[in-house]
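This is what each chain is made of:
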Amino acid sequence: MPITNKMAYDKFTVLRSSAVPLPIENVDTDQIIPARFLKATERKEFGDNLFRDWRYNPDNSPKEDFILNNPVYSGKILVGGKNFGSGSSREHAAWAIYDYGFRCVVSSFFADIFKGNSLNIGILPVQVSAEFLDRIFTAIEADPKTELEVNLPEQTITILATGEQESFDINGYKKHNMINGFDDIDYLQAMKDEVNTFAAKSLY
Amino acid sequence: MSNTPSTLFDKVWDAHVVRKIEDGPDVFFIDRHFIHEVTSPVAFLGLESRGLNVMSPERTFATADHNTPTINQHLPVKDLLSANQLRALESNSSKYGISHWGLGNPKNGIVHVVGPENGITLPGMTIVCGDSHTSTHGAFGAIAFGIGTSEVEMVLSSQCIMQPKPKKMRINVNGKLSKAVTPKDVTLYIIAQLTTGGATGYFVEYAGDVFRNMSMEGRMTVCNMSIEMGARGGIIAPDETTFNYINGREKAPKGEAWDKALSYWKTLKTDEGATFDEEYHFDAADIEPMITYGTNPGMGMGISKNIPLATDLKGGVATYEKSLNYMGFHEGEQMKGKKIDYVFIGSCTNGRIEDFRAFASIIKGRKKADNVTAWIVPGSHIVEQQIKEEGILDILTEAGFELRQPGCSACLAMNDDKIPAGKYAVSTSNRNFEGRQGPGSRTLLASPLMAAAAAVTGMVTDPRELMEVQEEELELSYGL
Ligand code: SF4
């Protein structure tokens, strides 16, 4: 069965995994998933077209120098350069990342809409300092199998090989949702009366 | 509450908070929800799988734009997947009682063009759409921003989304704009100053005489591009220009309702002494016609300048080099004189009547360059109609251009209008990302004037070189 809505996301507590490095700044959602792949009316198979034009040549053969085509790198964590996810609001970008198998994206800076979309579908965006991001890239360069531990309850990210650690921010509400696999629609449905009363007074 | 000075943004935001969640987002009420064929189908599926209904179909408007062809719209859509999405929009709209302006409907057009045009967009409203350029509607003093599909489902089912309140930024531009400097140049200039992520986390109010004097169309262009510096949206205080634009439009309030609305709208401005988290001041005289040379909208410069040297950057050299490499440009080069292949005028950024007037002011009496393929695409049928009525179509035809039918067209390469790999396009749209206009395409963002100058010369050209007599007409068109 295809996943047709985001209720199907996994709970997130502690994730320990190797990571895929993408040290490019301003990775926009048109790169994450080009518009021509947004034509589905169901949410399925977006992972196949993640980073499509960086990953494949026009004849669909894989571009060997792109990181996702390098078997040395794998894992559930994607580490991107500054200003990750800018541009279009397409949630398909987050779907593509999730469907490919990532559960967490690490960067020193995220675009707003991408960050919100990620949280809504069960990807944890972890914002670290520029220095810590560099250290992660260095650690992966030294050993592609190096593992990171992302601990959501504690709000920490650790480079396991060196023990270097940083904490990250997330609001309490979203944290609770991610840990429990809850989503906003359930919350909003539960306050329907309050919304109706509000709507009745609305000017428009 | 009353005596603390507050900003326009605070006034509108706070009036829409249904509930504040401690250490969490606000439950935020949405007055108007625009939907289109690309980002809504999965949201409707979600509704169905949960057995939920659309809470306020009367606050929801559907239009088809992203996927639609821009020629032969009377024929069935050839691309099966596109046709499928268009059908889904239509059937979902009819199932839930949402008004739907599909292909062929006289009101059809790009979502951010048709909303204002029909008086749906009003001051003080909250407006969302599964499209980041929803920021356009901020030109009316509304809080408007793009959302993801999960949020589309939230709005459909509860007319609310969960939003942390953004920080506030004010950008002031004062003084007199120079010749051939249009609203598009103003916004490209601001984005170049702040960079592509420079306003992330903020909602931007635009203030100062440049915006006060600007037409509604110009203000929409500026607010539209707010997202390109990372801002969630832009907002401009409504004034007489706004009220005059709205008055008489189909869905605008009438009679007593108008008077009541108007007296409320007049309160929608930032109070003296209200504070912002960040504030910038720019001088209008520093802005010249702009063009981009790289692969994000922050990589723009005045047409008389040279592409910056990597050594002048504050970092990100590898990313910069990758970008120039993609574009086939070199640091230190001029943009002027570069040969181009395509010109696109249209999109929700520059697909309104002013934009076609500006374009026509330069091509009038000239001919399209032989090496150029030009796509001239109105933002809506209403704009298309105006182009015909004002005689702009005749000017276009005489100069060797063809007018296409409304839609997003070459803005995002989802329909048939794609720029081929390696080709250069001077485009009045909003994004020059790699492959945005088609795999391998290279985009130079610019104003309709710059696009016109390129279209008739076949290369990047300073529009000021082509306009002597036209200046007065232009002042009229953008109100500058
Ligand atoms: S014209 Fe471009 S930016 Fe505007 S709504 Fe269409 S695709 Fe989006």
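The rules we used
- Residues numbered from 1 in each chain as written.
- Chains lettered and ligands numbered in written order.
- Predicted model: local features only at pLDDT ≥ 70, side-chain atom pairs only at ≥ 80, totals over all residues.
- Heavy atoms only, no water.
- Helix = DSSP H or I, 4+ residues; strand = E, 2+ residues; numbered from the N terminus.
- Rg over C-alpha atoms; globule rule 2.2 N^0.38 Å.
- Buried < 20%, exposed > 50% of the residue type's maximum accessible area, 1.4 Å probe, protein only.
- Contact = heavy atoms within 4.5 Å.
- Areas by Shrake-Rupley, 256 points an atom, 1.4 Å probe, with all protein chains shown as cover.
- Buried area = accessible area lost by both parts, 1.4 Å probe.
- Salt bridge = Lys/Arg side-chain N within 4 Å of Asp/Glu carboxyl O.
- Polar contact = N/O pair within 3.5 Å; in protein donor to acceptor, adjacent residues only side chain to side chain.
- Nonpolar A, V, L, I, M, F, W, Y, C, P; charged D, E, K, R; others polar.
- Near = heavy atom within 4 Å.
- Domains from an automatic or database assignment.
- Pairing = 2+ DSSP bridges.
- pLDDT = per-residue confidence, 0-100.
- Phe/Tyr/Trp six-rings, centres within 6.5 Å; stacked < 30°, edge-to-face > 60°.

(A) Local environment of the overall build of chain B. Of the regular secondary structure elements, chain B holds 17 helices and 18 strands. Rg of the C-alpha trace for chain B: 21 Å, near the compact-globule value of 23 Å for 480 residues, within the 12% margin. Based on the C-alpha atoms only, the size of chain B along its principal axes is roughly 55 × 55 × 50 Å. Burial analysis of chain B (480 residues in total) assigns 67% to the buried set. Long-range pairs, those at least 24 residues apart, make up 76% of the contacts in chain B between residues at least 6 apart in sequence. Taken as a whole, chain B presents about 16,000 Å² of accessible surface, with 50% of it coming from carbon and sulfur.

(B) Highlighting the interface of chain B and chain A. At the junction of the two partners, chain B supplies 73 residues and chain A supplies 56 residues. Interface area for chain B against chain A, summed over the two sides, is near 5,300 Å², with a carbon-plus-sulfur share of 59%. Our count for the chain B to chain A interface comes out at five salt bridges. If you look at where chain B meets chain A, you find 30 residue pairs in polar contact (both at pLDDT 80 or more). The set of elements that each furnish at least two residues to the side of chain B that touches chain A consists of β1 (17-20), β2 (26-29), α2 (41-50), α3 (80-96), α5 (149-158), β8 (160-163), α10 (255-265) and α11 (317-327) of chain B. Top element by residues in the side of chain B that touches chain A is α5(B). It accounts for seven residues. Residue composition of the side of chain B that touches chain A, by class: 31 nonpolar, 26 polar and 16 charged.

(C) The site of the ligand, seen in detail. Residue and element names in this part refer to chain B. What surrounds the ligand is the set His 66, Ile 110, His 112, Asp 131, His 133, Ser 347, Cys 348, Cys 408, Cys 411, Leu 412, Asn 430 and Arg 436. For the shell around the ligand, the class distribution of residues is five nonpolar, five polar and two charged. When residues of the shell around the ligand are assigned to domains, at least three fall in each of domain 1 (1-288) and domain 2 (292-474).

(D) Up close: the domain arrangement of chain B. Residues and elements named next belong to chain B. Per the domain assignment, the segments of chain B are domain 1 (1-288) and domain 2 (292-474). Inter-centroid distance (C-alpha atoms) of domain 1 to domain 2 is 24 Å. Contacts between the two partners involve 43 residues from domain 1 and, on the opposite side, 46 residues from domain 2. Of the roughly 3,700 Å² buried at the junction of domain 1 and domain 2 (both faces included), carbon and sulfur atoms supply 56%. Considering only the surface of domain 1 that becomes buried against domain 2, Thr 70, Lys 179 and Glu 288 emerge as the three largest contributors, covering 19% of it. The tally of links from domain 1 across to domain 2 stands at three salt bridges. Residue Glu 228 pairs with Arg 431 through a salt bridge whose shortest N-O separation is 3.0 Å. Secondary-structure elements contributing two or more residues to the side of domain 1 that touches domain 2 are α3, α4 (111-117), α6 (183-194) and α8 (216-224). The class makeup of the residues in the side of domain 1 that touches domain 2 is 14 nonpolar, 21 polar and eight charged.

(E) Spatial organisation of the pairing of strand β6 (residues 126-129) of chain B. Residue and element names in this part refer to chain B. The two faces of β6 match: Thr 126 and Val 128 on one face and Ile 127 and Cys 129 on the other face are all buried. The sheet contact formed by strand β3 (residues 32-35) and β6 spans three bridges and is parallel. Directly across from Phe 34, in β6, lies its bridge partner Cys 129. Where β6 lies against strand β7 (residues 143-146), four bridges are found, and the strand directions are parallel.

(F) The arrangement of the pattern of salt bridges in detail. Inspection of every chain in the model, using the stated rule, returns 38 salt bridges over all chains. With its nearest N and O atoms 3.3 Å apart, the salt bridge here joins B:Lys20 to B:Asp26. In this structure, B:Glu58 and B:Arg59 form a salt bridge, with 3.8 Å as the shortest nitrogen-oxygen distance. Through salt bridges with shared partners, a single ionic network connects A:Asp183, A:Asp186, B:Arg50 and B:Glu153.

(G) Main features of the environment of B:Thr7. Residue and element names in this part refer to chain B. In this fold, Thr 7 is placed in the segment before α1 (8-14). In sequence terms Thr 7 and Gly 351 are 344 residues apart; their C-alpha atoms lie 31 Å from each other. Once residues lying within four places of it in the same chain are set aside, the contact partners of Thr 7 are Lys 168, Thr 270, Ala 274, Thr 275 and Phe 276.

(H) Geometry of the confidence of the model for chain B. Taken residue by residue, chain B gives an average pLDDT of 95. The fraction at 70 or more is 97%. For this predicted complex, the interface confidence comes out at an ipTM of 0.91, alongside a pTM of 0.94.

(I) The confidence of the model for chain A, seen in detail. Looking at chain A, the pLDDT average stands at 93 and 96% of residues meet or exceed 70. Across residues 1-7 of chain A, confidence stays below pLDDT 50; counting only partners more than four residues off in sequence or on other chains, it has 21 contacts.

(J) Structural view of the packing of aromatic side chains. Residue and element names in this part refer to chain B. Scanning the entire structure with this criterion turns up 26 aromatic pairs over all chains. Seen in terms of ring centroids, Trp 13 and Phe 28 are 4.0 Å apart; in terms of plane orientation they differ by 25 degrees. Their pairing is stacked. Here the residue Trp 13 occupies a position in helix α1, and Phe 28 occupies one in strand β2, the gap between them amounting to 15 residues. The exposure class assigned to Trp 13 is buried, which follows from its relative accessible area of 0%. Among the aromatic residues, those joined into a cluster by ring pairs are Phe 9, Trp 13, Phe 28, Phe 145 and Phe 203.

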